[in-house]
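For reference, the chains in residue letters:
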Amino acid sequence: MYKEIFSKYEPTKDNLIYILHEIQDKHPQHYISEDAVDKVAEYLKVPANHIYGVLTFYTMYSTTPRGKNIIRLCESPPCYIKGTVNILRKLKALLDVEIGETTKDGHFTLELCACLGVCGNAPVMMINEDVYGDLTEEKVEDIIEKYRRAK
Amino acid sequence: MAKLVNVWIDGHHLEVPSDMTIIEAADKHGLYIPRLCYHPDLPPTANCGVCVVEIEKMPVPKRACCTPVAEGMKVTTNSKKLRAYRKTLVEMILSNHDVVCPTCVANNKCELQTLSNNLGIEADTLPKILAKKPVDASSPSIVRDPNKCIGCGRCITVCNEVQTVYALTMTERGFEAYPSVAFEHGMGTSSCVNCGQCTVYCPTGALRENSEIEAVWDAILDPEKHVIVQEAPSIRVSLGEEFGMPLGSVTPKKMYAALRKIGFDSVMDTNFTADLTIMEEGSECVAKLKSGSKRPLITSCSPGWVKFMETYYPDLADCVSTAKSPMSMFGALSKTYYAEQNGIDPAKIVSVAIMPCTAKKFEARRPELNDSGYQDTDYVLTTREFIRMIKEAGIDFANIPEEEPDEGMSFYTGAGTIFGATGGVMEAAIRSAWFLVTGTELEDMEVKAVRGLQGVKEATLDVPGFGKLSVAVAHGLSNARIVMDRVRDSLATTGESPWHFIEIMACPGGCVGGGGQPYGNDIASRARRGLALYEEDRDLPLRRSHQNPEVAKIYKDYLGAPLSEKALKLLHTFYFERSKYTGKVVKEATHKH
């Protein structure tokens, strides 16, 4: 897998972010393993500790295995004011997980994230590539149910 | 040379080069601007904000550490507003800091403690928001307490830029950001080479040595044990200033007296095995030169450098001298030669080393260093730990009457003592190698070209009967990288090393700048301590390792000759290849003789 990804990018530092994204997207558990960091470090000649710093700096990256569907709830001020806390409470109860955890069936991972750029529809969350706005507790229940049925 | 500009700091007119920052200009002229994360030896990280100053016509205060001076600049360093800013910043740091000053290893040396005190901050102005994180004691050398970390980033700068070890990195972001190692494995399972420069530059007690003081006290107070102690060259020039003597005081005989007062059964000296190292390494060098080898011989005394080499240059491990470090030679001999000579059961001997170094703790635990039939060295104390023991024992170091060491493994020449300064091993080796090659003494034995704090030093000597001998000296691991990359490239392209003999020390300045040295170990004090070693060398009656009578005696009575079978068994070792990510052994890179 790494070979195929590396073949698309020149071994320069500025490609680090793109390579990491692609590795994470291709991994069935949506994360970047130690092995992956070693391989990227070798390819780009960037020390592994620097890559780890980048991985932990950006919330979009994960260094631990995640579920099939990744829920990212926005905690930036507009969403926060419009009720992120309530939505978060509802999601935690529905999924029986804390922030950063994955459900026992491996179906969902719950995360907080920074602004998703659709503040007009606050509060907002993203599941995988899809954005859901104007969230209410009822709406959240329906959305989660939809993903559960799609198992 | 940058052009000069006119700057006014608090009304003082200064003429300074335009490439200086405000804080550099102020420091140069003895004007103090409060600071916390800034350190003159390191590039600024601009993390803390304490050094803010007001600049005329600038709308907001600027950080003096990263704002360059400009023509006509008028700077104010002390105003009601600035004092309030600084206080608030430090109060916020304290609210997220484990304030345990009286029991903290950095008590009275802590830059945060001093600054809070100087700013007149009262305790607990802001509520405590510290979320306690676990302490990382996975390394035999260094303990990392994130609860005392203030996020200044000096450790990361020194680890990545000065040493190019790439162990520490800033993880997470914003308020949660803190220095750690990749995947939180702990420093003991990382590329860390244990050099301890992070502990030297940490402004608080967040990074410290893994202390073995208690174990050493237990051994000393155990009547069954015979505790023998050795002290590295640098120790004797690094104790005085802690006890009110001038920086760079040369105090070997007070050091012996203090050790005896603490209760060590036998007080010897690492300088003796430094001379012995020269005999072994020098003989190895001469043999290599005579064989016409195109590969260099590289010194092996510095354990930070050795692990660095095992991690980043295992392909050149065969070029590194097989001679053990002076500490490990001493350890092996303390449980063989010393035990036999004095009729002591080696099982009862506890061998303690006092070192300016945190990496020596790792070296002492290397499983392969057991050629005496026991672990050769039992405990390693840093200079800082030794100072704490002196204080705990209530010894008035400055006034303690001088004493001689015990005999057998303590006599040393000037060549042994300069091991502690960068270039010292090279100079000592040249003095003896000259003799070994030519049979005559090198008249002008002070090899000035390899002295001083330039990062990479080179010299060429005309050796009668051999020809041109070219040598290089590097200190600080980024400089080691420069030298090693050149060796690697040169071997790959021309098949020949640019130098015959190379000295490498992990720490900038050599051992006097070691990671175990007293707090405040900046470049300027390293230079002063290095000079102190050269002064001691100048004043010693014997200055060449091969003239050491105790070295002659050990070869006559016990070892036979340099590189004899017995010498190879006890005094030489081999190296591994290690993982860049975990520091773990991958495979043997060379083999035991």
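Here is what the cut-offs are and how they apply
- Residues numbered from 1 in each chain as written.
- Chains lettered and ligands numbered in written order.
- Predicted model: local features only at pLDDT ≥ 70, side-chain atom pairs only at ≥ 80, totals over all residues.
- Helix = DSSP H or I, 4+ residues; strand = E, 2+ residues; numbered from the N terminus.
- Rg over C-alpha atoms; globule rule 2.2 N^0.38 Å.
- Contact = placed C-beta atoms within 7 Å.
- Axes fitted to C-alpha atoms, helices over the stretch in contact; angles between N-to-C directions.
- Parallel < 35°, antiparallel > 145°, perpendicular 65-115°, else oblique.
- Nonpolar A, V, L, I, M, F, W, Y, C, P; charged D, E, K, R; others polar.
- Domains from an automatic or database assignment.
- Expected span 1.5 Å × (residues − 1).
- Buried ≥ 20, exposed ≤ 12 C-beta atoms within 10 Å, placed from the backbone.
- Pairing = 2+ DSSP bridges.
- Left-handed = near helix turned anticlockwise from the far one by under 90°.

*Asks:* What is the right way to look at the overall build of chain A in this model?
*Replies:* Each helix and strand in chain A was counted, giving seven helices and four strands. If you list the helices and strands of chain A from N to C, you get α-α-α-α-β-α-α-β-β-β-α.

*Asks:* Honestly, the overall build of chain B in this entry has me stumped. Any pointers?
*Replies:* Within chain B, the secondary structure is distributed over 19 helices and 19 strands. For a compact globule of 593 residues, the expected C-alpha radius of gyration is about 25 Å, and chain B comes in at 25 Å, within 12% of that figure. For chain B, the spread of C-alpha atoms along the three principal axes comes to 75 × 60 × 50 Å. Considering only residue pairs separated by 6 or more positions, chain B has 73% of its internal contacts joining residues 24 or more positions apart.

*Asks:* What is the right way to read the packing of helix α8 (residues 270-291) of chain B against helix α10 (residues 326-334) of chain B from this model?
*Replies:* How two helices sit against one another is set out by the angle between their axes and by the gap between those axes. Residues and elements named next belong to chain B. Where α8 meets α10, the axes come as close as 8 Å, and the angle between the chain directions of the two elements is 105°. Our classification of the angle between α8 and α10 gives roughly perpendicular. Where α8 abuts α10, its residues Thr270, Thr273, Ala274, Leu276 and Thr277 lie against Pro326, Met327, Met329 and Phe330.

*Asks:* Looking at this structure, I do not really get the interface of chain A and chain B. What am I missing?
*Replies:* Quoted interface sizes are often the accessible area lost when the parts come together. Taken together, the 12 residues of chain A in the interface contact 13 residues of chain B. Of the residues assigned to the side of chain A that touches chain B, the class counts are five nonpolar, five polar and two charged.

*Asks:* Which parts of the structure should I look at to understand the domain arrangement of chain A?
*Replies:* Domain annotation of chain A identifies domain 1 (2-57) and domain 2 (69-149). In this structure, domain 1 of chain A and domain 2 of chain A have C-alpha centres spaced 27 Å apart.

*Asks:* Looking at this model, I keep getting lost on helix α15 (residues 424-438) of chain B. Mind explaining?
*Replies:* An α-helix turns once per 3.6 residues; consequently, residues spaced three or four apart project the same way. Residue and element names in this part refer to chain B. Spanning 15 residues, α15 covers 21 Å between terminal C-alpha atoms, matching the ideal 21 Å at 1.5 Å per step. The set of residues buried in α15 consists of Gly424, Val425, Met426, Glu427, Ala428, Ala429, Ile430, Arg431, Ser432, Ala433 and Trp434. Structurally, α15 contributes buried residues whose contacts are with α8, α14 (414-417), β15 (456-463), β16 (467-475), β17 (501-505) and α17 (523-539).

*Asks:* So what exactly am I meant to see when it comes to the sheet that holds β17 of chain B here?
*Replies:* Strand pairing in a sheet is mediated by backbone hydrogen bonds. Such pairs are either parallel or antiparallel. Residues and elements named next belong to chain B. Taken in spatial order, the four strands of this open sheet run β12-β17-β16-β15, and their pairing is mixed. With one partner strand each, in any of the chains shown, β12 (297-298) and β15 form the two edges of the open sheet. Sheet topology note: the β15/β16 ladder contains eight bridges and is antiparallel. In the sheet register, Thr460 faces β16, and the bridge partner there is Ser470.

*Asks:* Just to check I follow, could you spell out unusual backbone geometry for this structure?
*Replies:* What is expected of a backbone is that most residues other than glycine have negative phi and most peptide bonds are trans. In this structure, the amide linkage connecting Ala122 of chain A to the following residue, Pro123 of chain A, adopts the cis form with an omega of -5°. When you line up the elements, Pro123 of chain A lands in the loop between β2 (108-113) and β3 (125-127). Even without being a glycine, Leu563 of chain B presents a positive backbone phi close to 65°. Among the structural elements, Leu563 of chain B can be located in the loop between α18 (549-559) and α19 (565-571).

*Asks:* How should the packing of helix α6 (residues 84-95) of chain A against helix α7 (residues 137-149) of chain A be read in this particular structure?
*Replies:* Residue and element names in this part refer to chain A. Where α6 contacts α7, the two axes come as close as 10 Å, and the packing angle between them is 35°. Crossing hand, α6 versus α7: right-handed. Each of Asn86, Ile87, Lys90, Leu91 and Leu94 in α6 lies in contact with α7, whose residues at this interface are Glu137, Val140, Glu141 and Ile144. Taken together, the residues of the contact of α6 with α7 break down into five nonpolar, one polar and three charged.

*Asks:* What exactly am I supposed to notice about the domain arrangement of chain B here?
*Replies:* When the domains of chain B are assigned, the result is domain 1 (4-78), domain 2 (91-209) and domain 3 (214-588). Centre-to-centre, using C-alpha coordinates, domain 1 of chain B lies 42 Å away from domain 3 of chain B.

*Asks:* In this structure, what is going on with the sheet that holds β3 of chain A? I would like to understand it.
*Replies:* All names here are of chain A. An order of β2-β1-β3-β4 is seen for the four strands of this open sheet, with the pairing classed as mixed. On the outer flanks of this sheet lie β2 and β4 (130-132), each paired with one strand and no other. On average, adjacent strands in this sheet sit at an angle of 25° to one another, irrespective of strand direction. As paired elements, strand β1 (residues 69-74) and β2 share six bridges and run parallel to each other. Counted as the bridge partner of Arg72 is Glu111 from β2. Packed on one face of the sheet, α6 meets β1 and β2 and runs near 155° to β1.

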